[in-house]
Amino acid sequence: MTAEGYITDVAYIPGFYPNMSPVAMRYVASLNRVAPPPMADGFRYLELGCGLGRSLTTLAAANPKGRFVGVDVNPAHTKVVEEEIAAGDLSNASVITADFSTLPDDIGEFDFIALHGVFSWVSPEVREAVLQIAKSRLKAGGLLLVSYNAMPGWAHLQPIRGILRQYAALRAGDSVQKVREALGYLVYMRDKHGKYFEDNPRAAAYVDGILKQDIRYVAHEYLNEHWTAFYFAEVAGLFREAGLAFVGSLPVHTNFWDLCVRPEFQELFRTTNDRLVTESHKDFCANTAFRWDLYAKAPRLMPTVNDRLREIDDLHFRLARPGITVPYQVNLGVVTSTVQGPLYQSLLGMLAQGSMRLSEILASPQVSGTAPADLAKAVDAGVAMGLFDVTAGPVRPAAARAPEAVRVVLPFNAAILRTDSLGGRPLALASTSSGTGHALGDFDAAILDELATRGRHGVAERVETRLAGSGRSLQQNGQAVTDAAARRQLVSDACDAFIMTGLPQLEALGIVTKA
Ligand SMILES: C[S@@+](CC[C@H](N)C(=O)[O-])C[C@H]1O[C@@H](n2cnc3c(N)ncnc32)[C@H](O)[C@@H]1O
């Protein structure tokens, strides 16, 4: 079964993508001096191709003032989304089963439109329908986020997709069965040193990564008829024709070319003023294989720091993790950068006391010797390098210890803990303080679920019983732990560690509170 060549016989996997949060989109717009849509009085958000809807529902739970609408052509997907909306008591989220070309006329206009895992995987006709939606359904000043497989990073990997798809077409069964057999063929070709793999050793190594993926993901990534990897300039051209201008990209560090390319390319970037050209240079220098790009309709520019403060001073900055100190080294793929110096020392000290708005940072006596524009730049670079996080509202620093008895605040989070604990994949819990979701391991999720439903006493024993009944293996250093005493000790240590460090973080984010 296909919708314009897109597979619909196998359901996708649930996943939360923080890049899709309205906070992340607004912040990246502001970083690039484009005024983002305000959030304080409510906003409308559309996700095209929402799949099983985890990004949609998590963001709806985290942003009660927003209205979230998901669209997907696969009724098996939208049924799951509907069930999760009901289980999470999300009155601000809904989902529509439709092809992009047949959206209801009365769907209205949106401040934010996002599509992840869609643009590279659908036919030119479906892409055209997406562009029509961008043209007609994004408000003036609205932001659109699109992800896609990019060139040149896919150049040496495209034949892998060709091998999988062509072999799968010869096999019988559903898409999962076909891709499983095609994977066997791919491994055979690689292990027998087929000339393609001999000439492309990185493609040979890439096969191991595919084998670790969920088979449903592999089917959706590789079996669609119209899979296309795009150059940035091609996508920018398509959106320009739809009346949208390129704003910037996610994650945040990709807006800083010096964090993405080696220093020997500096001259190339210093002498180029055109951002559209810079992006192409960056992709060639960094061999980019995947992009998340932000576009705006009728963007309003914010030339000065004061303009920026007027538009985004509802956002807060906080320490990304407790205990960050300088010098701080980070490698975001290609170059290693070091953050150091008194300015960052002061910023870290200030934000250790709790989150601050940009205006509060600029007015702080600890950094009064630095010009506002330079301070704003330092804060942005700190976010890019992972020192600071941006949140929708204030976030307190984590307390030394969490309360003895805790309760999970949102029905949505309680429902996710019930369904996804020990599911073998990380999950995300929504925070109304940060306006986004926060990753939690499926094992920690079981500990939290037990703590919140039945208290701290005997938690390790209960988690161990749950683990035994779940079929999920317990691993240490990549090995399954089968010895009973060793298992008990591991579970008990994991509970202690979560209570000491994980739980206070979740309390600071308002995800749990004192019962
Ligand atoms: C790879 S999945 C991504 C799902 C989700 N965005 C995520 O990242 O988890 C792509 C989704 O787009 C949907 N889709 C594909 N073609 C479509 C179309 N023409 N109209 C509506 N949805 C479509 C598929 O059913 C699928 O759920």
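Residues numbered from 1 in each chain as written. Predicted model: local features only at pLDDT ≥ 70, side-chain atom pairs only at ≥ 80, totals over all residues. Heavy atoms only, no water.

**Observations concerning the pairing of strand S5 (residues 93-97)**
At step 1: Of the strand pairs in this sheet, strand S4 (residues 66-72) and S5 are connected by five bridges, and their pairing is parallel. Across the sheet, the residue bridging to Gly 70 is Val 95, located in S5.
At step 2: This β-α-β element, S4 to helix H3 (residues 75-87) to S5, shows right-handed connectivity. (Pairing = 2+ DSSP bridges. Helix = DSSP H or I, 4+ residues; strand = E, 2+ residues; numbered from the N terminus. Right-handed = clockwise from strand over helix to strand, strands pointing away.)

**Concerning the layout of surface pockets**
At step 1: Approximately 880 Å³ is the volume attributed to the second largest pocket.
At step 2: Pro 18, Arg 318, Asp 389, Thr 436 and His 438 are the residues nearest the centre of the second largest pocket, which is lined by 36 residues in total.
At step 3: Residue assignment for the lining of the second largest pocket shows that the elements contributing at least two residues are helix H1 (22-31), helix H17 (372-384), strand S13 (388-391), strand S16 (436-440) and helix H21 (484-508).
At step 4: Top element by residues in the lining of the second largest pocket is H21. It accounts for six residues.
At step 5: When the residues that make up the lining of the second largest pocket are grouped by side-chain class, the tally is 20 nonpolar, twelve polar and four charged. (1 Å grid on protein atoms, 1.4 Å probe; cavity = no way out; pocket = protein on both sides within 12 Å on 5 of 7 lines; lining within 4 Å. Points joined across faces, edges and corners; volume = space filled by probe spheres on them. Nonpolar A, V, L, I, M, F, W, Y, C, P; charged D, E, K, R; others polar.)

**Observations concerning the packing of helix H5 (residues 158-169) against helix H6 (residues 175-191)**
At step 1: Where H5 meets H6, the closest approach of the two axes is 8 Å, and the angle between their N-to-C directions is 125 degrees. Overall, the two elements H5 and H6 adopt an arrangement that is oblique. H5 and H6 meet at a crossing whose hand is right-handed. Residue-level inspection shows Ile 160, Ile 163, Leu 164, Tyr 167 and Ala 168 of H5 in contact with H6, the latter providing Lys 178, Glu 181, Ala 182, Leu 183, Tyr 185 and Leu 186.
At step 2: Here the residues of the contact of H5 with H6 are counted per class, giving nine nonpolar, no polar and two charged. (Axes fitted to C-alpha atoms, helices over the stretch in contact; angles between N-to-C directions. Parallel < 35°, antiparallel > 145°, perpendicular 65-115°, else oblique. Left-handed = near helix turned anticlockwise from the far one by under 90°. Contact = heavy atoms within 4.5 Å.)

**Observations concerning the site of the ligand**
At step 1: Close contacts around the ligand come from 19 residues, with Gly 49, Asp 72, His 77, Asp 99 and His 116 the closest.
At step 2: Residue Glu 47 places a side-chain N or O atom 3.3 Å away from a nitrogen atom belonging to the ligand.
At step 3: Backbone polar atom of Phe 100 to a nitrogen atom of the ligand: 3.2 Å apart, as the coordinates give it.
At step 4: Expressed as a share of its isolated accessible area of 600 Å², the protein-covered part of the ligand is 98%. (Near = heavy atom within 4 Å. Polar contact = N/O pair within 3.5 Å; in protein donor to acceptor, adjacent residues only side chain to side chain. Areas by Shrake-Rupley, 256 points an atom, 1.4 Å probe, with all protein chains shown as cover.)

**With respect to the domain arrangement of the protein**
At step 1: One can read the domain layout of the protein as domain 1 (2-152 + 229-297), domain 2 (158-222), domain 3 (313-391) and domain 4 (406-514).
At step 2: Taking only C-alpha atoms into account, the centre of domain 3 sits 31 Å from that of domain 4. (Domains from an automatic or database assignment.)

**Overview of the packing of H6 against helix H8 (residues 201-211)**
At step 1: For the pair H6 and H8, interaxial distance at closest approach is 10 Å and the crossing angle is 150 degrees. Here H8 runs roughly antiparallel to H6, going by the angle between their axes. Here the hand of the crossing between H6 and H8 comes out left-handed. Here Leu 183, Leu 186, Val 187 and Arg 190 of H6 lie close against H8, whose contacting residues are Ala 204, Val 207, Asp 208, Ile 210 and Leu 211.
At step 2: By residue class, the composition of the contact of H6 with H8 is seven nonpolar, no polar and two charged.

**Brief notes about helix H19 (residues 442-454)**
At step 1: Under the 1.5 Å per step criterion, the end-to-end length of H19 is 18 Å for 13 residues, consistent within 8% with the ideal 18 Å.
At step 2: Two residues or fewer after H19 comes Gly 455, characterised by a positive phi angle close to 85 degrees. (Expected span 1.5 Å × (residues − 1).)

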